[in-house]
Amino acid sequence: MQHEYAFEMAASAIRFGFGATREIGADLAEMGFHNVAVFIDPALRNLYPVITTLQSLEDNKVRLHVTVPADEFETAITAAFRKLANEVKIPGFRPGKAPRALLEQRFGVEVGREQAIKDAVPQYYVDAVTANDVDVIALPEISMVSGEDKGDVVFDAVVEVRPTPQISGYDALRIEVP
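Values in this document were obtained by computation on a predicted structure and should not be read as measured data.

Describing the nonpolar core
In this structure, Leu-64, Val-66, Val-68, Phe-73, Tyr-124 and Tyr-125 are the most contacted members of the largest nonpolar core, which totals 30 residues. When contributions to this core are tallied by element, the ones reaching two or more residues are β2 (49–57), β3 (61–68), α3 (70–87), α5 (109–132) and β5 (153–160). When near neighbours in sequence (up to four residues on either side) are disregarded, Tyr-125 contacts Leu-64, Val-136, Pro-140, Ile-142, Phe-155, Ala-157 and Val-159.

A closer look at the pairing of strand β4 (residues 141–146)
Two elements, β4 and β5, share five bridges in a ladder whose sense is antiparallel. Looking across to β5, one finds that Ser-146 is bridged to Val-154. In this structure, the hairpin formed by β4 and β5 is closed by a connection of six residues, where Gly-147 is found at a positive phi of approximately 95°.

A look at the packing of α3 against helix α4 (residues 100–107)
The description of two helices packed together rests on the angle between their axes and the distance between the axes. Two elements in contact, α3 and α4, have axes separated by 10 Å at closest approach and are oriented at 80°. Our classification of the angle between α3 and α4 gives roughly perpendicular. Contacts from Glu-74, Ile-77, Thr-78, Phe-81, Leu-84 and Ala-85 of α3 reach α4 at Arg-100, Leu-103, Glu-104 and Phe-107. Split by residue class, the contact of α3 with α4 holds six nonpolar, one polar and three charged.

Some points on α3
The first and last C-alpha atoms of α3 sit 25 Å apart over 18 residues, in line with the 26 Å expected at 1.5 Å per residue. Every buried residue belonging to α3 is among Glu-72, Phe-73, Ala-76, Ile-77, Ala-80, Phe-81, Leu-84 and Ala-85, and all of these are buried.

As for the pattern of salt bridges
Following the criterion strictly, the structure yields five salt bridges and no others. Lys-83 serves as the salt-bridge partner of Asp-119, at 3.5 Å between the closest nitrogen and oxygen. Residue Asp-119 is found in helix α5, and its partner Lys-83 is found in helix α3; the two are separated by 36 residues along the sequence. What makes Asp-119 partly exposed here is its relative accessible area of 36%. Glu-114 is the salt-bridge partner of Lys-118, the closest N and O atoms lying 3.6 Å from each other.

Concerning the packing of α3 against α5
The geometry of α3 relative to α5 is characterised by a closest axis approach of 8 Å and an angle of 115° between their N-to-C directions. Comparing the axis directions of α3 and α5 gives the class roughly perpendicular. Considering how the two elements wind past one another, α3 and α5 form a crossing that is right-handed. On α5, the residues that touch Glu-72, Phe-73, Ala-76, Ile-77, Ala-80, Phe-81, Lys-83 and Leu-84 of α3 are Val-109, Val-111, Gly-112, Arg-113, Gln-115, Ala-116, Ile-117, Asp-119, Ala-120 and Tyr-124. When the residues that make up the contact of α3 with α5 are grouped by side-chain class, the tally is twelve nonpolar, two polar and four charged.

So, a nonpolar patch on the surface
Together, Ile-167, Tyr-170 and Leu-173 make up a nonpolar patch on the protein surface, roughly 400 Å² of accessible area in all. Relative to the helices and strands, Tyr-170 resides in the segment after β5.

Observations concerning the environment of Ser-56
Within the element layout of this structure, Ser-56 appears in strand β2. When the C-alpha positions of Ser-56 and Val-158 are compared, they lie 9.6 Å apart, and in sequence the two are 102 residues distant.

Concerning the confidence of the model for the protein chain
Interpretation of this model should avoid reading the predicted coordinates in detail wherever pLDDT is low. Per-residue pLDDT for the protein chain averages 77, and the proportion of residues at 70 or more is 72%. Summarising per-element confidence for the protein chain, the mean pLDDT is lowest in strand β1 (residues 35–40) (46) and highest in β5 (93). This stretch, residues 11–23, has a pLDDT under 50; its non-local contacts, to residues over four places away or in other chains, come to eight contacts.

Regarding unusual backbone geometry
A positive phi angle, close to 60°, is found at Asp-59, a residue other than glycine. With respect to the helices, strands and loops of the structure, Asp-59 is situated in the loop between β2 and β3. The class of Asp-59 is exposed, set by a relative accessible area of 61%. Backbone geometry at Asn-60 places phi at a positive 55°, although glycine is not the residue there. Mapping Asn-60 onto the fold places it in the loop between β2 and β3. Overall, Asn-60 belongs to the partly exposed group, its relative accessible area being 37%.

Cut-offs used in this document
- Residues numbered from 1 in each chain as written.
- Predicted model: local features only at pLDDT ≥ 70, side-chain atom pairs only at ≥ 80, totals over all residues.
- Heavy atoms only, no water.
- Core = buried A, V, L, I, M, F, W, Y, C linked by side-chain atoms within 4.5 Å.
- Buried < 20%, exposed > 50% of the residue type's maximum accessible area, 1.4 Å probe, protein only.
- Helix = DSSP H or I, 4+ residues; strand = E, 2+ residues; numbered from the N terminus.
- Contact = heavy atoms within 4.5 Å.
- Pairing = 2+ DSSP bridges.
- Axes fitted to C-alpha atoms, helices over the stretch in contact; angles between N-to-C directions.
- Parallel < 35°, antiparallel > 145°, perpendicular 65-115°, else oblique.
- Nonpolar A, V, L, I, M, F, W, Y, C, P; charged D, E, K, R; others polar.
- Expected span 1.5 Å × (residues − 1).
- Salt bridge = Lys/Arg side-chain N within 4 Å of Asp/Glu carboxyl O.
- Left-handed = near helix turned anticlockwise from the far one by under 90°.
- Patch = residues over 30% accessible without salt bridge, like charges linked within 9 Å, V, L, I, M, F, W, Y side chains within 5 Å.
- Areas by Shrake-Rupley, 256 points an atom, 1.4 Å probe, with all protein chains shown as cover.
- pLDDT = per-residue confidence, 0-100.

Here it is, written out as structure tokens:
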């Protein structure tokens, strides 16, 4: 529920411009989300926002919650069907020239969506890490939250980050120069 509210707040930041982003960011920080990034997917250059929230966990880990709107993800599904068209041989069509409607009819829409998730989610993860300036030191644990069948694609990525050293007591040290 918190993530849905964060998504709505970040979407309103897009609608009202970047001046509202600071106020919304402060509200999200109170909810425990330390950084919210709204970014445009650089690989697709599409105008649909991909919304990420960053939440700190214990043991030097963070959770990236990424929401890809259905309209944005449709381009990934189209790319998946193009890839599928190159891999299968359909009578009457040259390799890679079978129309998407025929592929959907023969293999099902879920095959294209599944392939799109396999191909696009890693790129959305990389874009989210870049947008949030996360210093990753391990492979992520990605879990799909929703969108495997239809609608917005939402996933969480829990990843270990470089620890920030906490040094205490250094202000009490005195150095005498002879």
